[in-house]
Amino acid sequence: MAKKKPIASMFRSIPVDKLVEADALIELQSLAEEISYHDEKYHSDDSPEITDGEYDSLRRRNEKIEKRFPKLILKNTPSKKVGSKASSKFKKVKHTEAMLSLGNAFSEQDVRDFLDKVKRFLGINDDPELIAETKVDGLACSLRYENRQLIRALTRGDGEFGEDITKNIMTLNDVPKFLPDDAPNVLEIRGEVYMRTKDFFSLNERQEKEGKKLFANPRNAAAGSLRQLDSKITAKRKLHFCAYGWGEHSESIGDTIESFRKNLFKWGFQLNGPAQTFSDINDLIYYYQKVQEARPFMGYDIDGTVYKVNEMHYIDRLGFVGRAPRWAIAHKFPAEKGITVIKDITIQVGRTGALTPVAELEPVNIGGVIISRATLHNEDEIIRKDIRVGDTVIVQRAGDVIPQITEVKKHDVDSKEFKFPTKCPSCGSEAIRIGEDIIRRCVGGLTCPAQQVEKIKHFTSKNAFDIDGMGDKVIELLFEKGIIKTPSDLFNIEEKNSKLHTPIQNWEGWGQLSYNNMINGINEKRTIILNKFIYALGIRYVGEQNAKLLSKRYTSIENFLESMQKATVEESEEFNSLLNIDGIGDKVAQEIIAFFKEKHNIKEIEKLVSLINVTNYEIHTAQTAITNKTIVFTGSLSKMSRAEAKANAEKMGAKVSNSVSKKTNLVVAGEESGSKLKKAQELGIEIISEDQWLEIIKS
Ligand code: IVH
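Residues numbered from 1 in each chain as written. Predicted model: local features only at pLDDT ≥ 70, side-chain atom pairs only at ≥ 80, totals over all residues. Heavy atoms only, no water.

Caption draft 1: Layout of a positive patch on the surface. A surface patch of positive charge is lined by Lys 167, Arg 206, Lys 209, Lys 232, Lys 236 and Lys 238. With respect to the element layout, Lys 209 can be found in helix H5 (residues 197–209). (Patch = residues over 30% accessible without salt bridge, like charges linked within 9 Å, V, L, I, M, F, W, Y side chains within 5 Å. Areas by Shrake-Rupley, 256 points an atom, 1.4 Å probe, with all protein chains shown as cover. Salt bridge = Lys/Arg side-chain N within 4 Å of Asp/Glu carboxyl O. Lys, Arg positive; Asp, Glu negative; His and termini not counted. Charge placed at Lys NZ, Arg CZ, Asp CG, Glu CD. Helix = DSSP H or I, 4+ residues; strand = E, 2+ residues; numbered from the N terminus.)

Here you go:
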């Protein structure tokens, strides 16, 4: 079950040096809970709710309090944890050699200090040769080859135990499944799984189209895609792998990192470039600056550079301290932050009707990129951060491709709270929030310009109207030219075309034949069965299954439209009847009602109905031994679940009830049937066993 978001303790705003001991304890407990919640969001769910900066400040506060009150340090203190426990979604496997992380340098001085420590440890005076690589921002993965065949892939997990993601890794083209003969017998190669920026953008576009959650940045998208239970999804996500490290190996992998990289390349791995060897630290810093300049043009995210001692005999001697090697360090890029002013807050309507607030900024240069807009995510976020027009704010681009506002520095003198609109700015329809959804959505899908093209594509798609010759490209073109704006326009194309100065058949790439084919394809679909029609409307959550349930209940388009309009009145008979349809949950019902409350939608449906013929939904259920009977299942069934038994009964025309009454016709009693069985016996109702029930189904 999803963890509930912990609430910050009431002492959060008190400076650490003012905290009294009792309050400090509560604050430490609250911080531990909060940090662990955000760890899980980041590492296991791949869906962080706060920025890295906000997370760091929680950890820093925790450390500060611990420093002041060492007696209060909790057993499960977040300061002793690295990463996050491997999630329970996948099998946990112990790494043969611990999979550790890197220490960080944030300044040139930190890099010099690192080098000094290396020299001191080795007892040498001259700088050792270093190799610099880029630090790819994805998630670490360890590949194990035995007899030159890939046998296992693990995530880092907590460094000791990783998650077994072998099946998913197998779908990556960059990962060799077999190695050439000269590779060691046992070999573990470690590297980073990442997603290219352009693939990240197209994935989010698809996610948005399908009404699914958007990823904040390519790292989260890569993690979310790799940690899928269904490897078919991973296969579709265009993930890449670059190799930079090693674990167990039965033979030498090279005398230097440079030669190791050459071997990796020979064995079929992709490498992260550019890499270069250095003997002068000033050249190293120059490399860092050059890479930083190239960062926006790499095609994937990097969050720094990594420096490693090149010679393996030094590496072996240097070893590890704590959770990081002594022979390598990450030189992180600074968080790309800037300060600016919010000129306006506008609302963007996505293709699924989601209303997203956007801060229009006084343009500001952040890390070489001019930023003039930042997402404000949703209305709760605006309230939480109390963001107002005119505010001076900190904008951050760190890792996240979409800039975010991390902090409000100062409100404008006469600033007012932002009122989030309840009407869609694109079409004027109602924009509503249903249940716990944090997103407000426009319900005028069919007539809302921001959503129309997608709605028409859905309307003509295979399981809806299935119009031949109406591919996405044709729809986009006809929409752009203003020939179709809503689905009903499809059935008026001929009339519109006759009035065009240049008719469609004379457009470039068209001709009489392709025009005729399109019109014939449309005309062939002027008759449609009710369930497909309902599905074609594209009401949120009304997929094919729910469209069938609705059709079964209302059977004709007239009855459906009348009932749905009446159902918009809460507590009306039709409202309750909609809620009572087995399989139609509260959330679905609310979406349906919101859709029919919108006059634009009713008008469009009426127009459609006048142009086409919607046939009744026929219920073809053959007579069975239990047609129209009321059945009660009791006790535990051993050969099927309750849900399956219920679905079978309903398929055969029976009604399933939870309680035994005089109206019950049949009781199926599993193991340990209790009071229901007793009552059935008292009432003299027919009782059968699970096996007898199986016989009925088979018949
Ligand atoms: S070397 C013993 N080289 O960054 C650890 N790591 O923040 C050796 N990373 O855990 C790691 N690019 O997941 C190394 N060129 C590179 C890297 C790299 C990205 C990741 C890796 C590491 C993390 C540390």
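From this point, the narrative continues.
Caption draft 2: Structural context of the pattern of salt bridges. As enumerated under the stated definition, the model contains 39 salt bridges in all. Here Asp 164 ties to Lys 91 by a salt bridge, and the two come within 3.9 Å at their closest N and O atoms. Linking Asp 164 in the loop between strand S6 (161–163) and helix H4 (166–169) with Lys 91 in the loop between helix H2 (52–68) and strand S1 (92–94), this pair joins segments that are 73 residues apart in sequence. Taking relative accessible area as the criterion, Lys 91 reaches 55% and is therefore assigned exposed. A cluster of three or more residues bridged by salt bridges with shared partners is formed by Arg 144, Glu 146, Glu 188, Arg 190 and Glu 248. (Buried < 20%, exposed > 50% of the residue type's maximum accessible area, 1.4 Å probe, protein only.)

Caption draft 3: Focus on the packing of helix H20 (residues 586–597) against helix H21 (residues 599–611). The contact between H20 and H21 brings their axes to 5 Å, and the two run at 80 degrees. Taken as axis vectors, H20 and H21 run roughly perpendicular relative to one another. Within the contact between the two elements, H20 uses Phe 595, Phe 596 and Lys 597 and H21 uses Lys 599, Asn 601, Ile 602 and Ile 605. Tallied by class, residues from the contact of H20 with H21 come to 4 nonpolar, 1 polar and 2 charged. (Axes fitted to C-alpha atoms, helices over the stretch in contact; angles between N-to-C directions. Parallel < 35°, antiparallel > 145°, perpendicular 65-115°, else oblique. Contact = heavy atoms within 4.5 Å. Nonpolar A, V, L, I, M, F, W, Y, C, P; charged D, E, K, R; others polar.)

Caption draft 4: Layout of the sheet that holds strand S2 (residues 103–105). An order of S2-S13-S10-S3-S9 is seen for the 5 strands of this open sheet, with the pairing classed as mixed. In this open sheet, the two edge strands, each paired with only one partner strand, are S2 and strand S9 (276–278). Sheet twist, expressed as the average angle between the axes of neighbouring strands with direction ignored, equals 35 degrees. Note: strand S3 (residues 130–136) against strand S10 (residues 302–309), 7 bridges, orientation antiparallel. Bridged to Thr 134 within S10 is Thr 305. Against the sheet, helix H8 (residues 257–266) engages S3, S9 and S10, with an angle of about 50 degrees to S3. In the packing of helix H9 (residues 281–294) onto the sheet, the strands contacted are S3, S9, S10 and strand S13 (328–332), and the crossing angle to S10 comes to about 160 degrees. (Pairing = 2+ DSSP bridges.)

Caption draft 5: Quick look at the site of the ligand. The ligand sits among 16 residues. The nearest are Glu 133, Lys 135, Arg 156, Glu 192 and Tyr 244. In the model, an oxygen atom of the ligand is placed 2.8 Å from a nitrogen or oxygen of the Lys 135 side chain. Within the contact set of the ligand, an oxygen atom lies 2.9 Å away from a side-chain nitrogen or oxygen of Tyr 244. Going through the elements one at a time, S3 and S10 are the ones with two or more residues in the shell around the ligand. The element that contributes the greatest number of residues to the shell around the ligand is S3, accounting for 4 residues. (Near = heavy atom within 4 Å. Polar contact = N/O pair within 3.5 Å; in protein donor to acceptor, adjacent residues only side chain to side chain.)

Caption draft 6: Examining helix H15 (residues 512–523) more closely. Its 12 residues give H15 an end-to-end C-alpha distance of 16 Å, which sits within 8% of 16 Å, the value for a rise of 1.5 Å per residue. All of the buried residues in H15 are Tyr 515, Met 518, Ile 519, Gly 521 and Ile 522. Seen end-on, H15 carries its buried residues on one side only, within an arc spanning 155 degrees. (Expected span 1.5 Å × (residues − 1). Arc of directions from axis to C-beta.)

Caption draft 7: Structural context of the environment of Phe 201. Counting through the fold element by element, Phe 201 comes out in helix H5. Classification of Phe 201 by relative accessible area gives partly exposed; the value is 40%. In the structure, Phe 201 is positioned 130 residues away from His 331 in sequence and 27 Å away in space, judged by C-alpha atoms.

Caption draft 8: Focus on unusual backbone geometry. Looking along the chain, the bond that leaves Gly 273 and enters Pro 274 is cis, with omega of -5 degrees. Looking at the secondary structure, you find Pro 274 in the loop between H8 and S9. You will see that Lys 238, though not glycine, has its phi angle at about 50 degrees, which is positive. As for its placement among the helices and strands, Lys 238 is situated in the loop between helix H7 (231–236) and strand S8 (239–249). Among the residues examined, Lys 238 registers a relative accessible area of 52% and is labelled exposed. Here Thr 555, not a glycine, exhibits a phi torsion of approximately 50 degrees, which is positive.

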